[in-house]
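# Examination of the molecular architecture
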Amino acid sequence: MRIPITLTVNGSARAIELDDPRVTLLDLLRERLDLTGTKKGCDRGQCGACTVLLDGRRVNACLALAVSLDGAEIVTVEGLAPEGRLHPVQAAFIAHDGFQCGFCTPGQIMSAVGLIREGQAGSDPERVREGMSGNLCRCGAYAGITEAVLAAQAEMTGRGEDAA
Ligand code: FES
Ligand code: FES
């Protein structure tokens, strides 16, 4: 059985035929669309490594069934810098040492973009930590991640930019 769906992924329309209704958005992105920036950590909604924006909201791609997303708009980490110019959140992660091994980083960055876009980041580090609590970092780069989110939020708010 083949199930046709269409998605907009990083601004491009994609027509996809699913051969299995159990395919997750994460596996679709990584294995069918070659967008391997989105990472698979736990594959069960516990680590946040697979975070992407779905219709502007952050979700764990490992928990979303692709078949249920017909017509949706997806943004992955590859979609943040389409012309090679880093997104302010990406630049802030570099400036504030928001990573070590980098495995969790795409998910952290997408979650931060979603958090800022939701208007939930504010200027309180505790609020940022709470808002980012679904994204685990085994290297323990949390201090830099929080600084990066605060800096990006301040910069983007100062510029009056949309976050995604
Ligand atoms: Fe999706 Fe861990 S891989 S939450
Ligand atoms: Fe290594 Fe977060 S930077 S897991």
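Residues numbered from 1 in each chain as written. Chains lettered and ligands numbered in written order. Predicted model: local features only at pLDDT ≥ 70, side-chain atom pairs only at ≥ 80, totals over all residues. Heavy atoms only, no water.

Counting its secondary structure elements, the chain contains five helices and five strands. Counting from the amino terminus, helix and strand elements in the chain follow one another as β-β-α-β-β-β-α-α-α-α. Over its C-alpha atoms the chain spans a radius of gyration of 16 Å, differing by no more than 12% from the 15 Å that the globule rule assigns to 164 residues. Contacts spanning at least 24 positions in sequence make up 58% of the contacts within the chain whose residues lie at least 6 apart. Positive and negative charge centroids in the chain, built from 16 and 21 side chains respectively, lie 3 Å apart. (Helix = DSSP H or I, 4+ residues; strand = E, 2+ residues; numbered from the N terminus. Rg over C-alpha atoms; globule rule 2.2 N^0.38 Å. Contact = heavy atoms within 4.5 Å. Lys, Arg positive; Asp, Glu negative; His and termini not counted. Charge placed at Lys NZ, Arg CZ, Asp CG, Glu CD.)

As a further point, take the nonpolar core. The biggest cluster of nonpolar side chains holds 24 residues, and the ones touching the most others in it are Val89, Phe93, Ile116, Met132, Ile145 and Val149. Of all elements in the fold, only α2 (88-95), α3 (105-117) and α5 (142-159) reach the threshold of two or more residues within this core. Among the elements that take part in this core, α3 stands out by supplying six residues, more than any other. With residues near it in sequence (within four places) discarded, Phe93 still touches Gly98, Phe99, Thr105, Gln108, Ile109, Ala112, Ile145, Ala148 and Val149. (Core = buried A, V, L, I, M, F, W, Y, C linked by side-chain atoms within 4.5 Å. Buried < 20%, exposed > 50% of the residue type's maximum accessible area, 1.4 Å probe, protein only.)

On to the pattern of salt bridges. Scanning the entire structure with this criterion turns up six salt bridges. Because the salt bridges share partners, they merge into one network encompassing Asp27, Lys40 and Asp43. (Salt bridge = Lys/Arg side-chain N within 4 Å of Asp/Glu carboxyl O.)

This brings us to α2. Taken residue by residue, α2 has Pro88, Val89, Gln90, Ala92 and Phe93 as its buried positions. Remark: Asp97 follows α2 within two positions and exhibits a positive phi of approximately 50°.

Attention now goes to the environment of Leu136. Here Leu136 lies in the loop between α4 (125-131) and α5. Between the alpha carbons of Leu136 and Thr105 there is a distance of 9.7 Å; along the sequence they are 31 residues apart. For Leu136, the residues in contact, after removing those within four places along its chain, are Gln46, Cys47, Cys104, Gln108 and Tyr142.

What follows is about the environment of Leu65. Secondary-structure assignment places Leu65 in the loop between β4 (57-60) and β5 (73-75). Considered as a pair, Leu65 and Arg22 are 43 residues apart in the sequence and their alpha carbons are 6.4 Å apart. When sequence neighbours within four positions are dropped, the list of residues in contact with Leu65 reads Pro21, Arg22, Val23 and Thr24.

What follows covers the sheet that holds strand β3 (residues 51-54). The five strands lie next to each other as β2-β1-β5-β3-β4, forming an open sheet whose pairing is mixed. Edge strands, defined here as strands with exactly one partner in the open sheet, are β2 (12-18) and β4. Recorded for the sheet is a direction-independent mean angle of 40° between the axes of neighbouring strands. Against the sheet, α3 engages β3, β4 and β5, with an angle of about 40° to β3. (Pairing = 2+ DSSP bridges. Axes fitted to C-alpha atoms, helices over the stretch in contact; angles between N-to-C directions.)

For strand β1 (residues 3-9) and β2, the ladder comprises seven bridges, and the chain directions are antiparallel. Residue pairing across strands places Leu7 opposite Arg14, the latter belonging to β2. With antiparallel pairing between neighbouring strands as the criterion, β1 and β2 make up a hairpin whose turn holds two residues, including Asn10 at a positive phi of roughly 50°.

For the rest of this paragraph, the subject is the packing of α2 against α3. Packing of α2 against α3 brings their axes to within 10 Å, and their N-to-C directions diverge by 125°. In terms of axis orientation, α2 runs oblique to α3. The two elements α2 and α3 meet at a crossing, and its hand is right-handed. For the pair α2 and α3, the contacting residues are Val89, Gln90 and Phe93 in the first and Thr105, Gln108, Ile109, Ala112, Val113 and Ile116 in the second. Of the residues contributing to the contact of α2 with α3, the split by class is six nonpolar, three polar and no charged. (Parallel < 35°, antiparallel > 145°, perpendicular 65-115°, else oblique. Left-handed = near helix turned anticlockwise from the far one by under 90°. Nonpolar A, V, L, I, M, F, W, Y, C, P; charged D, E, K, R; others polar.)

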